[in-house]
Amino acid sequence: MYAWKRSRVLKKGSLRRGSGTGPLLRAYSLGVVVVLAAAATVSSLAQQAAPAAGQSAAETQEDTRAVRTREFLGLGRMPDAKLAAEGAKIFGPSCGFCHGAGARGGSGPDLLRSPVVLDDNRGELVGPTVRDGRPAKGMPAFASFTDDQLRDIAEFLHLQVELAANRGTYKILNVVTGDAKAGRTYFNGAGKCNTCHSATGDLAHIGSKMDPPDLQQAFLYPGARGIADGGSKSPSHATVTLGDGKTITGTVKYQDDFYIALYDAAGNYHSIALEEGVTVQVEDKLVFHRQMLDQYTNTQMHDLTAYLVTLK
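Residues numbered from 1 in each chain as written. Predicted model: local features only at pLDDT ≥ 70, side-chain atom pairs only at ≥ 80, totals over all residues. Heavy atoms only, no water.

Draft legend 1. Spatial organisation of the sheet that holds strand 4 (residues 269-273). Taking strand neighbours across the sheet as the criterion, the 5 strands line up as 4-3-2-1-5 in an open arrangement whose pairing is antiparallel. The two strands at the open ends of the sheet, each matched to only one other strand, are strand 4 and strand 5 (279-283). Neighbour-to-neighbour, the strand axes of this sheet turn through a mean angle of 40°, independent of strand direction. Relative to strand 4, strand 3 (residues 259-264) runs antiparallel, the two being bridged by 5 bridges. Within strand 4, the residue paired with Tyr263 across the bridge is Tyr269. (Pairing = 2+ DSSP bridges. Helix = DSSP H or I, 4+ residues; strand = E, 2+ residues; numbered from the N terminus. Axes fitted to C-alpha atoms, helices over the stretch in contact; angles between N-to-C directions.)

Structure (structure tokens):
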């Protein structure tokens, strides 16, 4: 901002180059511009970071730092958190298996570095890309998404960029707001969690192994972090049927749109081209979790988190 204003002042001064007062006017004008620009910046920061009713001094200071960081990084508008939360519900089960739950990449690219996302403002670039897909690069089309859903997905991606770029605005809120007793009832009842998990077995001490935000993220988006093994990713198993009918079953080491690599039970490594006639069936142990993402109510989600936190 200062560099731009300085060039404007020097150009004005150059028009008076024949006058002995030119350098003096240029220096004086530059000083005025810098002072006014600094004053405007302080005024802007003060307005944006003005303490709300009941806001503590520490919170005000944190908000001021966030605003300064945003201005320094040249970030665009602040994403809408409510729209982003809706977008997260769509992105996780539909796109997270390739791009990761946080859009930071998986078998697909890191979207936080994508020009489509970075150059987008309110979904005008992200929306058509998601709706039409990129078949040549293996990305399917999501033609059934509504305009509102595409906008929410775009807002979710913008928020991920914001959180990655500006740590001054990143705040982990207290997610332990539910009723632990109600969460236990849900775990052993309507949620059917106990059909696969045990509070004294695979989930024993899970509350000590993971922080509450990570714990909640784990059962909402299990593709990014598994809950059954305390937060580490569990390897997938797949059965590959070749063109001649022969099958190979094993643990997946790598998979993209062209190849799949796996280790069979004997430890032998297989790299198989996904050509015509070859089919792959990947065992998805987390399918129930993915289905539940659209069924959890806010109350059930927070109650379940509160219960899991007690498993020390």
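Structure shown, so let's carry the discussion forward.
Draft legend 2. Broad picture of the side chain of Thr129. Topologically, Thr129 is positioned in helix 6 (residues 126-132). When residues no more than four places from it in sequence are discounted, the contact partners of Thr129 are Val116, Arg134 and Met139. (Contact = heavy atoms within 4.5 Å.)

Draft legend 3. Looking closely at the pattern of salt bridges. Scanning all chains against the criterion turns up 5 salt bridges. Close ionic contact of Arg113 with Asp110 constitutes a salt bridge, the shortest N to O distance being 3.8 Å. A salt bridge links Asp152 to Arg151; the shortest N-O distance between them is 3.0 Å. On the basis of relative accessible area, Asp152 is assigned to the buried category, the value being 7%. Take Arg151: its relative accessible area is 32%, and that puts it in the partly exposed class. Salt bridges linked by common partners bring Asp148, Arg151 and Asp152 together as one network. (Salt bridge = Lys/Arg side-chain N within 4 Å of Asp/Glu carboxyl O. Buried < 20%, exposed > 50% of the residue type's maximum accessible area, 1.4 Å probe, protein only.)

Draft legend 4. Inspection of the environment of Leu304 at higher detail. Relative to the helices and strands, Leu304 is located in helix 12 (residues 298-309). Overall, the relative accessible area of 3% leaves Leu304 in the buried class. Taking the C-alpha atoms as reference points, Leu304 and Gly178, separated by 126 residues in sequence, lie 7.5 Å from one another. Excluding anything up to four places from it in sequence, Leu304 contacts Gly183, Tyr186, Phe187, Cys193, Phe219 and Tyr296.

Draft legend 5. Examining the confidence of the model for the protein chain more closely. Residues of the protein chain with pLDDT of at least 70 account for 68%, and the chain-wide mean is 75. Considering only residues more than four positions removed or in separate chains, one finds that residues 58-62, a stretch of pLDDT under 50, has 5 contacts. Across residues 225-232 the pLDDT falls below 50, and counting only partners more than four positions away or on other chains, this stretch makes 21 contacts in the model. (pLDDT = per-residue confidence, 0-100.)

Draft legend 6. Seen up close, a nonpolar patch on the surface. On the surface, Tyr254, Phe258 and Tyr259 cluster together into a nonpolar patch covering about 360 Å² of accessible area. Relative to the elements of secondary structure, Tyr254 occurs in strand 2 (residues 247-255). (Patch = residues over 30% accessible without salt bridge, like charges linked within 9 Å, V, L, I, M, F, W, Y side chains within 5 Å. Areas by Shrake-Rupley, 256 points an atom, 1.4 Å probe, with all protein chains shown as cover.)

Draft legend 7. View of helix 7 (residues 147-165). Given a rise of 1.5 Å per residue, 19 residues ought to cover 27 Å, and the 27 Å separating the end C-alpha atoms of helix 7 matches this to within 8%. For helix 7, the complete set of buried residues consists of Leu150, Asp152, Ile153, Ala154, Glu155, Phe156, Leu157, His158, Leu159, Gln160, Val161 and Glu162. (Expected span 1.5 Å × (residues − 1).)

Draft legend 8. Main features of the pairing of strand 3. Summarising the sheet, strand 2 and strand 3 pair through 5 bridges and their orientation is antiparallel. Paired with Gln255 across the strands is Ile260, a residue of strand 3. The turn linking strand 2 back onto strand 3 is made up of 3 residues.

Draft legend 9. Summary view of the side chain of His197. Along the chain, the position of His197 falls in the loop between helix 8 (180-188) and helix 9 (206-209). In this structure the side chain of His197 is engaged in a polar contact, spanning 2.7 Å, whose partner is the side chain of Asp202. (Polar contact = N/O pair within 3.5 Å; in protein donor to acceptor, adjacent residues only side chain to side chain.)

Draft legend 10. Local environment of helix 10 (residues 212-220). Those residues of helix 10 that fall on the buried side of the exposure criterion are Leu215, Gln216, Ala218, Phe219 and Leu220. Contacts made by the buried residues of helix 10 are with helix 9, helix 11 (287-292) and helix 12.

Draft legend 11. Inspection of the packing of helix 10 against helix 12 at higher detail. Across the interface, helix 10 lies against helix 12 with an axial gap of 10 Å and an inter-helix angle of 120°. Taken as axis vectors, helix 10 and helix 12 run oblique relative to one another. Handedness of the crossing formed by helix 10 with helix 12: right-handed. Between helix 10 and helix 12, the residues in contact are Pro212, Leu215, Gln216, Phe219 and Leu220 and Met301, His302, Leu304, Thr305, Leu308 and Val309, respectively. Residue composition of the contact of helix 10 with helix 12, by class: 8 nonpolar, 3 polar and no charged. (Parallel < 35°, antiparallel > 145°, perpendicular 65-115°, else oblique. Left-handed = near helix turned anticlockwise from the far one by under 90°. Nonpolar A, V, L, I, M, F, W, Y, C, P; charged D, E, K, R; others polar.)

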